[in-house]
Amino acid sequence: MKALDTAQLQALDREHHLHPFTDFKQLGEEGTRVIERAEGIYLWDSNGNKMLDAMAGLWCVNIGYGRKELAEVAYEQMQQLPFYNAFFKTTHPPAIDLAKLISEVTPAHMNHVFFCGSGSEANDTVFRMVRRYWDLKGKPNKKTFISRINAYHGSTVAGASLGGMGYMHEQGDLPIPGIVHIAQPYWFKEGGDLSPEEFGIKAAQALEEKILELGEDSVAAFIAEPIQGAGGVIVPPETYWPEIKRILDKYDILLVVDEVICGFGRTGHWFGSDYYGLKPDLMPIAKGLSSGYLPIGGVVVGERVAETLIEEGGDFNHGYTYSGHPVSAAVAAANIRILRDEGIVDRVREETGPYLQKRWRELADHPLVGEVRGVGLVGALELTNDKAARTRFDDKGSTGTLCRDFCFNNGLVMRATGDTMIISPPLVITKEEIDELVEKARYCLDLTA
Ligand code: PLP
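These numbers were taken from a predicted model, which means no experiment stands behind them.

*Asks:* Help me understand the site of the ligand in this model?
*Replies:* Surveying the vicinity of the ligand reveals 15 residues, the closest of which are S118, G119, S120, G154 and V260. The residue makeup of the shell around the ligand, split by class, is five nonpolar, eight polar and two charged.

The following block contains the structure:
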């Protein structure tokens, strides 16, 4: 396409492009921002504006933009073998290499991976794999998944059903049967008069209540993000995960930890499961797996489920044309080597994560900010009109939208989920760039106030 100016690009976009999670008509009226290039942690739009991308794209560009090695790996692999499938007893070197690398960085009991194209496909795979597992174990009644309100597990029918977003369920008559949702560990919004620690226990006990209500013989798995990302970077109180672990140990229920956001270094550990000391049976992964350079996802499978599938399962009648796509797999493997060999995850744990959390918490003194939270390189600010009562300006998230727009227009990409402002910058961000991020965020909060 020959170079077009912004107005021409916007006009074409309006005419032909249906965007995800977007009010098409509103977009038609307001136009959209055209992002043209990126380097490190910065983006440039078609009008030449430079923006610090505090969202790493969509929580995914962990190694930062512009790593030419990945383009070279893709170029080489496309010439060598652009496509072959992993169906029907075939395989290829990039998928083998990637599967081995993943097993080296995931928890010790997890040594197998099933590939797919995205986080949503990973969770569809989880849905079928878990049910297959219980069928093989002779417990076909164990079918129900327990998830959480306000969780995000993707956009396919099973993914959106596993997720707990009411506004998604309203469209398309979701969730599908066999999926129920319990309370989330969101102290700022739902903690009432309880301390965070008391509330963490209470939120976890909702799992036990639901298991007892449904009967443990009917519950297949509990699925959760270590830290709810799209729901608003909800870092659970410290008491939450230990209590969940106690409950899961008591009943024979699988644990699915959705690592699509927390995986590949976000918390300063390879996985959120490492940070919280969890032992998942299954881990959906995507995003940071390839730093978003090419689409790829997977389900990492722990020994308990893998052994049953392999030894007793016969054919698993599930898979995608692009499961383990050779070019995506080669790029993902190169991405993991960069994260590992350049010590990027270690640096988040030891240096940039603690530094961001220290600087980010300075924003707690801002009149608009009711709570600051985060772990490693992920964080949230709760905007409030009353710090003590923890109330919102309205229930439409209009203050968050206003703040997000001020950020956009002042060189900072920060996302708003209602009145919760969230960040998840590339893991290569430096201390100086963190200073810039926090200063810009404060400036935009001032404009919003
Ligand atoms: N799981 C989690 C925790 C996510 O945050 C997302 C996407 O944001 C998904 C699954 C779905 O991933 P994808 O958009 O690649 O389908």
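*Asks:* I keep staring at the packing of helix α4 (residues 68–80) against helix α14 (residues 326–341) and nothing clicks. Help me out?
*Replies:* The description of two helices packed together rests on the angle between their axes and the distance between the axes. Two numbers describe how α4 lies on α14: the axes approach to 9 Å, and their chain directions differ by 150 degrees. In terms of axis orientation, α4 runs roughly antiparallel to α14. The handedness of the crossing between α4 and α14 is right-handed. Contacts from E69, L70, V73, A74, Q77 and M78 in α4 reach P326, V327, A330, V331, A334 and N335 in α14. The residue inventory of the contact of α4 with α14, partitioned by class, reads nine nonpolar, two polar and one charged.

*Asks:* Would you explain the pairing of strand β10 (residues 297–302) in this entry?
*Replies:* Two faces, one strand: in a regular strand the side chains alternate between the faces of the sheet. Along β10, six of the six residues are buried, which leaves the element largely enclosed by surrounding structure. The alternating pattern of β10 places G297, V299 and V301 on one face and G298, V300 and G302 on the opposite face, and all of these are buried. In this sheet, β10 lies alongside strand β4 (residues 110–116) in antiparallel orientation, the contact comprising six bridges. Bridging across to β10, F114 finds its partner in V299. Across four bridges, strand β9 (residues 282–285) lies against β10 in antiparallel orientation. Following the sheet pairing, I285 is matched in β10 by G298.

*Asks:* So what exactly am I meant to see when it comes to the domain arrangement of the chain here?
*Replies:* The extent of an interface is frequently quoted as the accessible surface area lost upon association of the parts. Domain parsing of the chain yields domain 1 (33–54 + 343–448) and domain 2 (69–341). Its C-alpha centre places domain 1 at a distance of 26 Å from the equivalent point of domain 2. Across the contact, 22 residues belong to domain 1 and 15 residues belong to domain 2. Breaking the side of domain 1 that touches domain 2 down by element, the ones donating at least two residues are α15 (344–361), β11 (369–375), β12 (378–383) and β15 (420–423).

*Asks:* Before we go on, may I ask you to explain helix α5 (residues 93–105) in this structure?
*Replies:* Each full turn of the α-helix corresponds to 3.6 residues, which orients residues three or four apart in the same direction. The end-to-end C-alpha distance of α5 is 19 Å, a good match for the 18 Å that 13 residues give at a rise of 1.5 Å each. Among all positions of α5, only P94, A95, L98, A99 and I102 are buried. Along the axis of α5, the buried residues cluster in a sector spanning 130 degrees; they form a single face. Exposed side of α5, more than 90 degrees from the buried face: K100 and E104 are the residues found there. Against α4, β4, β10 and α14 lie the buried residues of α5.

Parameters and conventions
Residues numbered from 1 in each chain as written. Predicted model: local features only at pLDDT ≥ 70, side-chain atom pairs only at ≥ 80, totals over all residues. Near = placed C-beta within 6 Å. Nonpolar A, V, L, I, M, F, W, Y, C, P; charged D, E, K, R; others polar. Axes fitted to C-alpha atoms, helices over the stretch in contact; angles between N-to-C directions. Helix = DSSP H or I, 4+ residues; strand = E, 2+ residues; numbered from the N terminus. Parallel < 35°, antiparallel > 145°, perpendicular 65-115°, else oblique. Left-handed = near helix turned anticlockwise from the far one by under 90°. Contact = placed C-beta atoms within 7 Å. Buried ≥ 20, exposed ≤ 12 C-beta atoms within 10 Å, placed from the backbone. Pairing = 2+ DSSP bridges. Domains from an automatic or database assignment. Expected span 1.5 Å × (residues − 1). Arc of directions from axis to C-beta.

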